[in-house]
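Structure assessment
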There are 2 protein chains.
Amino acid sequence: MAQEIPYKIFLNENELPKQWYNVRADMKNKPAPLLNPATMKPMVYDDLRPVFCDELVKQELDDTTPFFDIPEEILEFYKMYRPSPLVRAYCLEKKLNTPAKIYYKFEGNNTSGSHKLNSAIAQAYYAKQQGLKGVTTETGAGQWGTALSMACSYFELDCKVFMVKCSYEQKPFRREVMRTYGANVTPSPSETTEVGRRILAAHPGTTGSLGCAISEAVEVATHTPGNRYVLGSVLSQVLLHQTIIGLETKTAMDKYGIVPDIIIGCAGGGSNLGGLVSPFMGEKLRGERDYRIIAVEPASCPSFTRGKFAYDFCDTGMVCPLAKMYTLGSNFIPSANHAGGLRYHGMSSILSQLYHDGLMEARAVEQTSVFEAAETFARVEGILPAPESSHAIRAAIDEAIKCRETGEAKTILFGLTGTGYFDMLAYEKYNNGTMGDQFPTDEELEASFAALPKMPEGL
Amino acid sequence: MAQEIPYKIFLNENELPKQWYNVRADMKNKPAPLLNPATMKPMVYDDLRPVFCDELVKQELDDTTPFFDIPEEILEFYKMYRPSPLVRAYCLEKKLNTPAKIYYKFEGNNTSGSHKLNSAIAQAYYAKQQGLKGVTTETGAGQWGTALSMACSYFELDCKVFMVKCSYEQKPFRREVMRTYGANVTPSPSETTEVGRRILAAHPGTTGSLGCAISEAVEVATHTPGNRYVLGSVLSQVLLHQTIIGLETKTAMDKYGIVPDIIIGCAGGGSNLGGLVSPFMGEKLRGERDYRIIAVEPASCPSFTRGKFAYDFCDTGMVCPLAKMYTLGSNFIPSANHAGGLRYHGMSSILSQLYHDGLMEARAVEQTSVFEAAETFARVEGILPAPESSHAIRAAIDEAIKCRETGEAKTILFGLTGTGYFDMLAYEKYNNGTMGDQFPTDEELEASFAALPKMPEGL
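Here the structure is a predicted model, which means the values were calculated and not measured.

What counts and how
Residues numbered from 1 in each chain as written. Chains lettered and ligands numbered in written order. Predicted model: local features only at pLDDT ≥ 70, side-chain atom pairs only at ≥ 80, totals over all residues. Heavy atoms only, no water. Helix = DSSP H or I, 4+ residues; strand = E, 2+ residues; numbered from the N terminus. Rg over C-alpha atoms; globule rule 2.2 N^0.38 Å. Buried < 20%, exposed > 50% of the residue type's maximum accessible area, 1.4 Å probe, protein only. Contact = heavy atoms within 4.5 Å. Lys, Arg positive; Asp, Glu negative; His and termini not counted. Charge placed at Lys NZ, Arg CZ, Asp CG, Glu CD. pLDDT = per-residue confidence, 0-100. Buried area = accessible area lost by both parts, 1.4 Å probe. Salt bridge = Lys/Arg side-chain N within 4 Å of Asp/Glu carboxyl O. Polar contact = N/O pair within 3.5 Å; in protein donor to acceptor, adjacent residues only side chain to side chain. Nonpolar A, V, L, I, M, F, W, Y, C, P; charged D, E, K, R; others polar. Axes fitted to C-alpha atoms, helices over the stretch in contact; angles between N-to-C directions. Parallel < 35°, antiparallel > 145°, perpendicular 65-115°, else oblique. Pairing = 2+ DSSP bridges. Least-squares fit on C-alpha atoms with pLDDT ≥ 70 in both. Disulfide = S-S within 2.5 Å. Phe/Tyr/Trp six-rings, centres within 6.5 Å; stacked < 30°, edge-to-face > 60°. Lys NZ or Arg CZ within 6 Å of the ring centre and 35° of its normal. Arc of directions from axis to C-beta. Left-handed = near helix turned anticlockwise from the far one by under 90°. Expected span 1.5 Å × (residues − 1).

1. Looking at the overall build of chain A
When you go through chain A residue by residue, the secondary structure sums to 18 helices and 15 strands. Its C-alpha atoms give chain A a radius of gyration of 21 Å, within 12% of the compact-globule value 23 Å for 459 residues. In terms of overall dimensions, chain A has a C-alpha envelope of 60 × 50 × 50 Å along the principal axes. Each of the 459 residues in chain A was classed as buried or not, and the buried ones make up 65%. Taking the intrachain contacts of chain A between residues at least 6 apart in sequence as the baseline, contacts between residues at least 24 apart amount to 77%. Here chain A holds 45 positive side-chain charges and 54 negative ones, and the gap between their average locations is 2 Å.

Below you can see the structure in the form of structure tokens.
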């Protein structure tokens, strides 16, 4: 007998996932391994231990174990802000006059303002377990840095954040949230690292990039005793932690017999999208059920839609391992006009492989149309979305409008990853009509691709 | 049989309140009526209709009807962000090492970031029902203006907001949220109103006050056809709408057999405190059960603890009715150093009467100790609180520490009214150690009291 479906679905505590799901276990074509750039050999446990916590290295390298138990302490922390609500967007449906049923999983109801906390708390926990003193990371738009600051404060770990300089200056309030949680925040590139000094010498006056900030954070982490590097996206361990999003969503939908036809997420490094879609992708990989899965990226940083599937550096300083992924080249920097996150040059190697194998779609959307969708959504659904999340809103609205035209009552699910409270400068530009759209030219991309590392044949 | 109590209590949809509760119906000593300053006679329905929507005038004047049905359209809107969670602050208890059980009702999980939306949507609804074109209001810290913008956008009403000039300049992001929701925002005092021009002539360079902004908003509302004035606190109608907070809390607590010993709320104009405590106060008034109820106000704007219980103007321009309340005088302006809201010179006449009758307590707390409490709470509970809400946190922590000293396991409930995302300038001051505490001197207060209106004997 069908239960009545609540407007907002909150799982009960006893229904919450107790394990993360490792989608790689169900992939026939596994993601290509990380390579040591010196030897071009796959990175193994001992190669990665100086950089990452031991348990996280194990998670990073394990492509066969389907489930990982979530430690009790992390489950306790999750209870502070999870389950996140799965919401039926009735008001948006009405506004669009569509027969489609639209659902969104909202991850913004915690102080970090985004899904990033799901992995931050896991990474901080394993660092604490290992007896480390602190962790070092980078942040772009600031959501990851905020989340990590909160997690480190909870476990009383030192937290050092390299914040991309233009964000550091444009988002002083993000910086203050991190400081309120006790983090040490440095604008990147900085004079405090060798790689920072090198980048500043080569590009005086640069306002930084995520790739630079990663290089600085890795350098400090590996040169500070009792410290490790942590990363907020791209890595397979991060996708693993983020599957809490998809697992909650799937449990809630199964409970009420809801089956999504289309699943949509925004894609920067891929962690929220991967986390949301993993359990659904698992069914697809096992041949149990089919779904359309759509990654949405900014037209100004189009890794999937205009990038190359190739081994590349994860950072600008080229100190990190090589990953096989859709990439725009590690020197690529999106237009400064582009607001918010989703500025990373590469993409999760898991999602890259799935996309390469035709198991998901990708599309690029323009910034002004993203903010138009954001404003529509804010006005009717009462949540002010982050610019990143609004890429998914744009695609969800577009699919719902198609349904209006065809008369199909499809069920659309999208990930609403966060709130836009710290992005009001971008909204102001949009409100004032001074926001534009920029795309890399083919020539720019060719130049960027030319810097891809030369690989031995077959890789 | 006792049910297991969840960490966060969310009511089911069928448990949500369908009526607001009017605590005046249970008060033996009713709040004194609003007076017409010209005649010193109580304001009646026809006096107030040019200013407020008809239904809201009825609610304002009704001190006998115990319950008002919440219209279906408002219940629908409430579903977008309600029920709000009632949370057991386990981490805070552990941090304080207290035997006390601490619960908070969190109203910040909506884009306006505070409880203000509960009344904004009601006031916008009645304006729409009456066929009005728009509403006009003032905002100080910006929470009310944001909430009203959202509500007006939902019902497609024009929304004009006079924002206290210093906030307009210091909080451009609040302004942009309002604009994103389609509101017209004017810094106050402005040249666009007669009263604004008068105030500017008398005080050139003034950065404004809530009292000035109210005067401007009332002038525009009463001079614009199809427009009415709406207010975010102080009025009895606003307290009525805010009882949704207390009713949800009481239902949730009753469901699990939890009985609070102490109930704490911050007090500016009194709407969130009144809304939270009303159902508990009702039991107290009817002699069914006793509770300690504590209003917490800033030491820099101490209406309850250092004000006079007297008839006073609600606004600086003296265009509004007189209300009997605890007041610091309508010319009182708190120190510019004081962060956030809770800057109003007066207090709800309902709460004023209850306080006068010894049914609740009040205490004033210093700003730096408030931010200390805010930071402690943020770090362990994972929510960055608004400065206003943090006054309640301060008192809750102080009571919990007393329990640690006495060994009593009291149950403490407080209202966490909102988030501090738009208050990071204040947090920055606190983080940098440049935040101070200021109090009005006795001489300043005497000067302010001297301007209280001369009342006929017996009033």
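2. A closer look at the confidence of the model for chain A
Per-residue pLDDT for chain A has a mean of 94; in total, 99% of the residues score no lower than 70. For this predicted complex, the interface confidence comes out at an ipTM of 0.87, alongside a pTM of 0.91.

3. Describing the interface of chain B and chain A
Residue-level contacts link 41 residues of chain B with 41 residues of chain A. Across the interface of chain B and chain A, roughly 3800 Å² is buried in total on both sides, 55% from carbon and sulfur atoms. Between the two partners, chain B and chain A, sit two salt bridges. The closest approach of N and O atoms between B:R175 and A:E428, which form a salt bridge, is 3.3 Å. At the junction of chain B with chain A, the criterion picks out 18 residue pairs in polar contact (both at pLDDT 80 or more). Those elements that provide at least two residues to the side of chain B that touches chain A are α4 (90–96), α6 (143–155), α8 (172–180), α15 (367–381) and α17 (424–431) of chain B. The element best represented in the side of chain B that touches chain A is α8(B), accounting for six residues. Counted by class, the side of chain B that touches chain A contains 20 nonpolar, nine polar and twelve charged residues.

4. Considering the packing of helix α2 (residues 54–61) of chain B against helix α11 (residues 236–255) of chain B
All names here are of chain B. In contact at an axis separation of 8 Å, α2 and α11 are set at 90° when each is read in the N-to-C sense. Compared by their axis directions, α2 and α11 come out roughly perpendicular. Two secondary-structure elements touch here, α2 through L56, Q59 and E60 and α11 through S236, Q237, L240 and H241. When its residues are assigned to classes, the contact of α2 with α11 shows two nonpolar, four polar and one charged.

5. Some details on the sheet that holds strand β7 (residues 158–164) of chain B
Residue and element names in this part refer to chain B. A sheet is described by the order of its strands in space; here four strands give the open sequence β8-β7-β6-β9, paired in parallel fashion. In this open sheet, the two strands that pair with only one neighbour each are β8 (184–188) and β9 (227–229). The mean angle between the axes of side-by-side strands here comes to 25°, regardless of whether they run parallel or antiparallel. In the sheet, strand β6 (residues 134–139) pairs with β9 via three bridges, with the strands oriented parallel.

6. Re the relation of the copies chain B and chain A
For the pair chain B and chain A, the relating rotation is 180°, the translation along its axis is 0.0 Å, and the fit reaches an RMSD of 0.0 Å. The relationship between the two copies is best expressed as a two-fold rotation axis. Looking at chain B, 98% of its interface residues are interface residues in chain A too, so the copies touch through the same face.

7. With respect to the state of the cysteines
Per the counting criterion, the structure on display carries zero disulfides over all chains. Left without a disulfide partner, B:C301 is nearest to the cysteine sulfur of B:C266, which lies 12 Å away.

8. Brief notes about the packing of aromatic side chains
By the definition in use, this model includes 43 aromatic pairs over all chains. Seen in terms of ring centroids, A:F371 and A:Y427 are 5.2 Å apart; in terms of plane orientation they differ by 80°. Their pairing is edge-to-face. Here A:F371, found in helix α15 (residues 367–381), pairs with A:Y427, found in helix α17 (residues 424–431); they are 56 residues apart in sequence, far enough to count as distant. Note on accessibility: A:F371 and A:Y427 belong to one class, buried. The aromatic ring of A:F449 is capped on one face by A:K308, whose charged end is 4.6 Å from the ring centroid. Stacked on the ring of B:Y168, the Lys or Arg B:R175 has its end atom at 4.9 Å from the ring centre.

9. Observations concerning helix α9 (residues 194–202) of chain B
Residues and elements named next belong to chain B. Burial in α9 covers these residues: V195, G196, I199 and L200. Buried residues along α9 cover an arc of 135° about the axis, so they all sit on one side. With respect to the buried face of α9, the exposed residues turned more than 90 degrees away are E194, A201 and A202. Against the buried residues of α9 lie α7 (165–170) and α10 (210–223). With a side-chain oxygen lying 2.8 Å from the backbone nitrogen of G196, the N-terminal cap of α9 falls on T193.

10. So, the pattern of salt bridges
In the structure shown here, the tally under the stated rule is 55 salt bridges over all chains. Between A:K79 and A:E76 there is a salt bridge, with the nearest N and O atoms lying 3.4 Å from each other. For A:E76, a relative accessible area of 39% corresponds to the partly exposed category. The closest approach of N and O atoms between B:K79 and B:E13, which form a salt bridge, is 3.9 Å. Of this pair, B:K79 sits in the loop between α3 (72–78) and β4 (86–88) while B:E13 is found in the loop between β1 (8–9) and β2 (19–21), placing the two residues 66 residues apart along the sequence. According to the relative accessible area criterion, B:E13 is partly exposed, its value standing at 33%. When salt bridges with common partners are traced through the structure, they connect A:R292, A:E361, A:R363, A:E399 and A:K402 into a single cluster.

11. Comments concerning the sheet that holds strand β7 (residues 158–164) of chain A
The strands that make up a sheet are held in pairs by hydrogen bonds between backbone atoms, and each pair lies either parallel or antiparallel. Residues and elements named next belong to chain A. Strands sit in the order β8-β7-β6-β9 across an open sheet of four strands; the sheet is parallel. The two strands at the open ends of the sheet, each matched to only one other strand, are β8 (184–188) and β9 (227–229). Averaged over all pairs of adjacent strands, the angle between their axes in this sheet comes to 25°, without regard to strand direction. The sheet strands contacting helix α6 (residues 143–155) are β6 (134–139) and β7, and the helix crosses β6 at an angle near 165°. Packed on one face of the sheet, helix α8 (residues 172–180) meets β6, β7 and β8 and runs near 170° to β7.

12. Observations concerning the packing of helix α11 (residues 236–255) of chain A against helix α12 (residues 271–285) of chain A
Residues and elements named next belong to chain A. Orientation of α11 relative to α12, taken along the N-to-C sense of each, is 55°, at an axis distance of 6 Å. In this view, α11 runs oblique relative to α12, as classed from their interaxial angle. For the crossing formed where α11 meets α12, the hand is right-handed. Taken together, the residues of α12 that come into contact with α11 (itself represented by V238, L239, Q242, T243, I245, G246, L247, T249, K250 and M253) are S271, N272, G274, G275, L276, S278, P279, F280 and E283. Counted by class, the contact of α11 with α12 contains eight nonpolar, nine polar and two charged residues.

13. Some points on the pairing of strand β13 (residues 322–327) of chain B
Residues and elements named next belong to chain B. Among the six residues in β13, five count as buried, and that is most of the element. Where strand β12 (residues 308–313) and β13 come together, six bridges link them in antiparallel fashion. If you follow D312 over to β13, its bridge partner there is A323.

14. Some words on the environment of A:D158
Residue and element names in this part refer to chain A. Mapped onto the elements of the fold, D158 is located in strand β7. Owing to a relative accessible area of 52%, D158 belongs among the exposed residues under this scheme. Not counting chain neighbours up to four residues away, the residues in contact with D158 comprise K133, G134, V135 and C152.

15. Side note on helix α16 (residues 387–406) of chain A
Note on helix geometry: an α-helix contains 3.6 residues per turn, so any two residues three or four positions apart are oriented the same way. Compared with an ideal rise of 1.5 Å per residue, which puts 20 residues at 28 Å, α16(A) spans 29 Å between its outermost C-alpha atoms and is within 8% of the ideal. Positioned one or two residues after α16(A), A:G407 has a phi angle of 80°, which is positive.

16. Structural notes on the environment of B:L354
Residue and element names in this part refer to chain B. With respect to the helices and strands, the residue L354 is situated in helix α14 (residues 349–356). A residue is classified by how much of its surface remains accessible, and L354, at 2% relative accessible area, is buried. As a C-alpha pair, L354 and I262 span 92 residues in sequence and 16 Å in three-dimensional space. The contacts of L354, once residues within four sequence positions are left out, are M27, M281, L285, L359 and M360.

17. Side note on the environment of A:I102
Residues and elements named next belong to chain A. Assignment of secondary structure puts I102 in strand β5 (residues 101–106). Here I102 falls in the buried class, since its relative accessible area comes to 0%. Setting aside anything within four residues of it in sequence, one finds I102 in contact with V87, R88, A89, L92, E93, L96, A400, I412 and F414.

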